[in-house]
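# Remarks on the overall topology
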Amino acid sequence: MNKTLLLILSLALVAGVAYFSLSRDWQTPTLELTEATHVNKSVVATASDNRGLGEVCYFFDGKVDNQTCANADSSLSYALTVDLSKLADGEHEVCVEVADANQAFPNRAKLCRSYVLDTVPPKAVLESATRYMKRGGGAAVFVSTPERETNIHLTVGENQFRFISNAEGTRHFAVFAHPHDVEVADFKPMVVIEDLAGNTRRLLVGTVTRERNFKLDTLNIPQSFIEKKSLEMLNKEGAGKEAFLEMNETMRVSNRAKIKSVLSASQSSEPLWDGVFYRNLGAPKAQFAEHRTYLLDGAEIDHQTHYGIDIAGLAKMPIKAANAGVVIFAEYLGIYGNCVIIDHGGRVFTMYAHLSQMNTSPGLNVARAEVIGRSGNTGMAGGDHLHYATYISGVPVEPSEWFDSAWLETRIDDIYNDFKTEE
Ligand SMILES: [Zn+2]
């Protein structure tokens, strides 16, 4: 009798242990908190569990009695916004605790992280800026911030212009543009300063811009040109509208995207130019932002905007760098043919296209008026000429302004000198 009872009890014990072992949820919930050092409002606690979550609670600075809780109602993952807005600015420790939905044996997880709460927008002063500019042209601005700021840029609609800053991160200089495709009424250059916590300050730059008319031009495209260029640029036999559009549209779009990425990747330094930009010799042929209509056998087949100026001189004439800088590109690039791009610092770049010869390579420093190649007709060029373009950040601008010493001095260099002169 005793033996039977012992056996039954033993079996019951084994069954009980087995039941609890199998039904028990062994997994602890996982917990994450926003990864940042500085915040301005809130952080997010994200919890997840393989079988479902119960309560999620948070508290500040070890004050567990003042915790705030929410019930995750057995959901597998749950995001809880931890509101820091009632705390004073300064360093705070945020702790989050979570339990899974297991009623009998809840598994718990806890995570703490320290943040600097900063709700004060950065201070900034617009120290000086160009007073007058023209649509399609350039200007400059100098901004000071009493504290080191992490992110400062200037926007004009969709366009962004980058600043260069002093070592302390308290003085900032940018060259910017009135993009030719932005209407005068829509031109509102805005400096945006963002601190580590994500607080922002906006300053409207009061530079006055003026309207200007861009030239309209019509180009007759001979069939022989399309045939010749198809072989060179597409490496296949082509004729007619389709081959022309493959070069003038599809290829143009990808070439311009490439230029943008080359300019954006360049770590532009402080301005390297010294005095007015050199203009290569020759007759002006096409102007900046000229709007072109292309005709084939009298029919309109395409429209494009010309991002530079064309200069035609002697065939295969030596092409000189407009100013001191660093070569950042020297390659064959579709419609631009053999193409050299120079970074002049201050996020100002010049480009030389359709070259027959390139006598430089990326990484080389060049001096003002140093020979970098010879003119030609590679890419989308009918005859030997130089296509010369100027870019500010990624935006093409009127190159002629930079050939004018009075313009350069009053519109750009004066602002830069203010930036350089510590008071
Ligand atoms: Zn051109």
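First, a word on what this report is: a plain description of the structure on this page. (Residues numbered from 1 in each chain as written. Predicted model: local features only at pLDDT ≥ 70, side-chain atom pairs only at ≥ 80, totals over all residues.)

## Remarks on the overall build of the chain
What the chain contains, in helices and strands, is four helices and 32 strands. For a compact globule of 423 residues, the expected C-alpha radius of gyration is about 22 Å, and the chain comes in at 32 Å, more than 25% above that figure. Counting only C-alpha atoms and orienting by the principal axes, one finds that the chain spans roughly 120 × 60 × 40 Å. Buried positions account for 34% of the 423 residues belonging to the chain. Considering only residue pairs separated by 6 or more positions, the chain has 65% of its internal contacts joining residues 24 or more positions apart. (Helix = DSSP H or I, 4+ residues; strand = E, 2+ residues; numbered from the N terminus. Rg over C-alpha atoms; globule rule 2.2 N^0.38 Å. Buried ≥ 20, exposed ≤ 12 C-beta atoms within 10 Å, placed from the backbone. Contact = placed C-beta atoms within 7 Å.)

## Description of the sheet that holds strand 6 (residues 77-83)
Adjacent strands of a sheet pair through backbone hydrogen bonds, lying either parallel or antiparallel. Pairing is antiparallel across the open sheet formed by three strands, whose spatial order is 1-3-6. The sheet is open, and its two edges are formed by strand 1 (30-33) and strand 6, each paired on a single side. Strand after strand, the sheet turns through a mean of 20° between neighbouring axes, direction not considered. Pairing geometry for strand 3 (residues 42-48) and strand 6, over seven bridges, is antiparallel. Considered in strand 6, the bridge of S42 is made with D83. (Pairing = 2+ DSSP bridges. Axes fitted to C-alpha atoms, helices over the stretch in contact; angles between N-to-C directions.)

## So, the packing of helix 2 (residues 223-234) against helix 3 (residues 240-265)
Between two packed helices, what matters for the description is the angle formed by their axes and the separation of those axes. Packing of helix 2 against helix 3 leaves a shortest axis separation of 10 Å and a crossing angle of 45°. The orientation of helix 2 with respect to helix 3, classified from their angle, is oblique. For the element pair helix 2 and helix 3, the recorded crossing hand is left-handed. The residues of helix 3 that touch helix 2, namely those facing I226, K229, S230, M233 and L234, are G240, A243, F244, E246, M247 and M251. Taken together, the residues that form the contact of helix 2 with helix 3 break down as seven nonpolar, two polar and two charged. (Parallel < 35°, antiparallel > 145°, perpendicular 65-115°, else oblique. Left-handed = near helix turned anticlockwise from the far one by under 90°. Nonpolar A, V, L, I, M, F, W, Y, C, P; charged D, E, K, R; others polar.)

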